[in-house]
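Secondary and tertiary structure notes
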Amino acid sequence: MIEFADVTVRYQTGVKALKDISLRINLGEFVYVVGPSGAGKTTLIKLIYLEERPSSGRVFVNNVDVSQVPSRRIPYLRRNIGVVFQDFRLLPRLTAFENVRFAMEAVEAPPKLIHRRVMEALDQVGLAHRADAFPEQLSGGEQQRVALARAIVNRPKILVADEPTGNLDPETSWEIVKLLETISVDGTTVVMATHDREIVNARKKRVIELDGGRIVRDQQRGMYAGVSALLP
Ligand SMILES: Nc1ncnc2c1ncn2[C@@H]1O[C@H](COP(=O)(O)OP(=O)(O)O)[C@@H](O)[C@H]1O
Ligand SMILES: [Mg+2]
C-alpha cells in the first residue's frame, strides 16, 4: 500500500516538483504515471523508493510513515521495493547472474537460497540461458529484463519503474510491460512512469496524470490523454 497525504516536494533550488499530492495505491494495483517532461513523475517515483522525502505532507509505503523514519532505517525499508530505470543501471563488470545475485547479497539473503532464486528470477524474465552474459553482450531489451530480474529477486511488495521502456523499441517495450503486468498479477504493486502513449492506451490501467507537480487526473482504466485533451 502506498499513500500520499498533501505531499509537497520543494528542491533546494526552490522548484516545487510536487504540490499537495494526495493519492492511495492498493496492494497489487498497476498504475501508470503520465505527464509531460518536468511534471514531477520521477520525483513521485523517488518518494516511493525513498530516494527523496517530502518537504511537507506524509508518505506511507507498506504502512510505514516514511516521512518520519530516521535515515538509517531507509536501506532496510527499501528491501521491500524494487526499482527499474530507463538506463538499466546494470554493473558492467558483472554477468547477468552476478548482477541479480548482487541484489540478494545486498540484503544478506541466506547463501543457500541465492542460486535458486537468482535463476528463478532470470527464468521469469526469459533469460536463464543468458545468465553468464555481460551487459554489453546483451541487447537493450535483454539488459532491461536483467534489471527487472534484479528488481524482483527479493520479492518486493512494490515495484517502481521510471520510464523503463524509454530506451527500447516498441516490440521490446511490450515485452517489458507484459512482464510488469505479470508481476502485478502475482500481487506486487507496480507503479510505472511513462511517456509511451501507445502502451498506456492499449493496457487500460489506472492512470495518474501529473502536470506542473499536480495531479490533473486519476482514472481507472484510463488512456494516455484525458477527455479534455480530445476537446477542441
Ligand atoms: N534534484 C533536483 N533539483 C532541483 N530541481 C529538480 C530536481 N529534480 C527534478 N527537479 C525539477 O523538478 C521538476 C519535476 O522534475 P521530475 O520529477 O524529474 O519530472 P518528470 O520526471 O516528470 O520529468 C522539474 O521542474 C525539474 O527540473
Ligand atoms: Mg522523469
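Residues numbered from 1 in each chain as written. Chains lettered and ligands numbered in written order. Predicted model: local features only at pLDDT ≥ 70, side-chain atom pairs only at ≥ 80, totals over all residues.

Glancing now at the overall build of the chain. Helix and strand counts for the chain stand at eight helices and ten strands. Its C-alpha atoms give the chain a radius of gyration of 18 Å, within 12% of the compact-globule value 17 Å for 232 residues. With the principal axes as the frame, the chain shows a C-alpha extent of 50 × 45 × 35 Å. Out of the 232 residues in the chain, the part that is buried amounts to 40%. In the chain, once contacts between residues fewer than 6 apart in sequence are set aside, the share between residues at least 24 apart is 66%. (Helix = DSSP H or I, 4+ residues; strand = E, 2+ residues; numbered from the N terminus. Rg over C-alpha atoms; globule rule 2.2 N^0.38 Å. Buried ≥ 20, exposed ≤ 12 C-beta atoms within 10 Å, placed from the backbone. Contact = placed C-beta atoms within 7 Å.)

This part covers the sheet that holds strand E6 (residues 81-85). Spatially, E6-E7-E8-E3-E9-E10 is the arrangement adopted by the six strands of the open sheet, whose pairing is mixed. Each edge of the open sheet carries a strand with a single partner, namely E6 and strand E10 (214-219). Neighbouring strand axes in the sheet, compared pairwise and without regard to direction, differ in orientation by 15 degrees on average. Here five bridges tie strand E7 (residues 158-162) to strand E8 (residues 189-193), and the two strands are oriented parallel to one another. Within E8, the residue paired with valine 160 across the bridge is valine 191. (Pairing = 2+ DSSP bridges. Axes fitted to C-alpha atoms, helices over the stretch in contact; angles between N-to-C directions.)

Turning next to the packing of helix H3 (residues 96-106) against helix H5 (residues 140-152). Across the interface, H3 lies against H5 with an axial gap of 8 Å and an inter-helix angle of 25 degrees. With respect to H5, the element H3 is oriented roughly parallel. Seen from above, H3 lies across H5 with right-handed handedness. Contacts between H3 and H5 involve Ala96, Asn99, Val100 and Ala103 on the former and, on the latter, Val146, Ala149 and Arg150. A breakdown of the residues in the contact of H3 with H5 according to their chemical character gives five nonpolar, one polar and one charged. (Parallel < 35°, antiparallel > 145°, perpendicular 65-115°, else oblique. Left-handed = near helix turned anticlockwise from the far one by under 90°. Nonpolar A, V, L, I, M, F, W, Y, C, P; charged D, E, K, R; others polar.)

Right, let's get into the pairing of E10. Note: strand E9 (residues 206-211) against E10, five bridges, orientation antiparallel. Note on E10: the bridge partner recorded for glutamate 209 is arginine 217.

Here we come to the sheet that holds strand E1 (residues 2-10). Across the sheet, which stays open at both edges, the four strands sit in the order E2-E1-E4-E5 with antiparallel pairing between neighbours. In this open sheet, the two edge strands, each paired with only one partner strand, are strand E2 (16-25) and strand E5 (64-65).

Further remarks concern the site of ligand 1. Close to ligand 1 lie Tyr11, Thr13, Val15, Ala17, Gly35, Ser37, Gly38, Ala39, Gly40, Lys41, Thr42 and Thr43. Of all the elements, helix H1 (residues 41-48) adds the most residues to the shell around ligand 1, at three residues. Counted by class, the shell around ligand 1 contains four nonpolar, seven polar and one charged residues. (Near = placed C-beta within 6 Å.)

Turning to the pairing of E2, a few remarks are in order. The pairing of E1 with E2 spans six bridges and is classified as antiparallel. Considered in E2, the bridge of arginine 10 is made with lysine 16. Turn length for the E1-E2 hairpin, with the two strands adjacent in sequence and antiparallel, is five residues, and the turn residue glycine 14 shows positive phi of about 100 degrees.

Helix length check: helix H6 (residues 170-185) (16 residues) gives 23 Å between terminal C-alpha atoms against 22 Å at 1.5 Å per residue, within 8%. Of all the positions in H6, only Ser173, Ile176, Val177, Leu180 and Ile183 are classed as buried. The arc that holds every buried residue of H6, seen down its axis, measures 115 degrees, which confines them to one face. Residues of H6 that are exposed and angled more than 90 degrees away from the buried face: Glu171, Lys178 and Val185. Buried residues along H6 sit in contact with H5, E7, E8 and helix H7 (197-203). Of the residues trailing H6, glycine 187 is marked for its positive phi of about 110 degrees. (Expected span 1.5 Å × (residues − 1). Arc of directions from axis to C-beta.)

Turning our eyes to something else, we now look at the nonpolar core. In this structure, Val33, Ile48, Val100, Leu122, Ala149, Val160 and Val191 are the most contacted members of the largest nonpolar core, which totals 64 residues. Top element by residues in this core is H5. It accounts for six residues. Discounting chain neighbours no more than four positions away, the residues touching alanine 149 are Val100, Ala121, Leu122, Gln124, Val125 and Leu127. (Core = buried A, V, L, I, M, F, W, Y, C linked by C-beta atoms within 7 Å.)

Time to look at the domain arrangement of the chain. According to the domain assignment, the chain contains domain 1 (1-80 + 156-225) and domain 2 (91-154). For domain 1 versus domain 2, the separation of C-alpha centres amounts to 24 Å. Across the boundary between the two partners, domain 1 contributes eleven residues, which contact nine residues of domain 2. For the side of domain 1 that touches domain 2, the leading source of residues is H6, giving five residues. Considered class by class, the residues forming the side of domain 1 that touches domain 2 number seven nonpolar, two polar and two charged. (Domains from an automatic or database assignment.)

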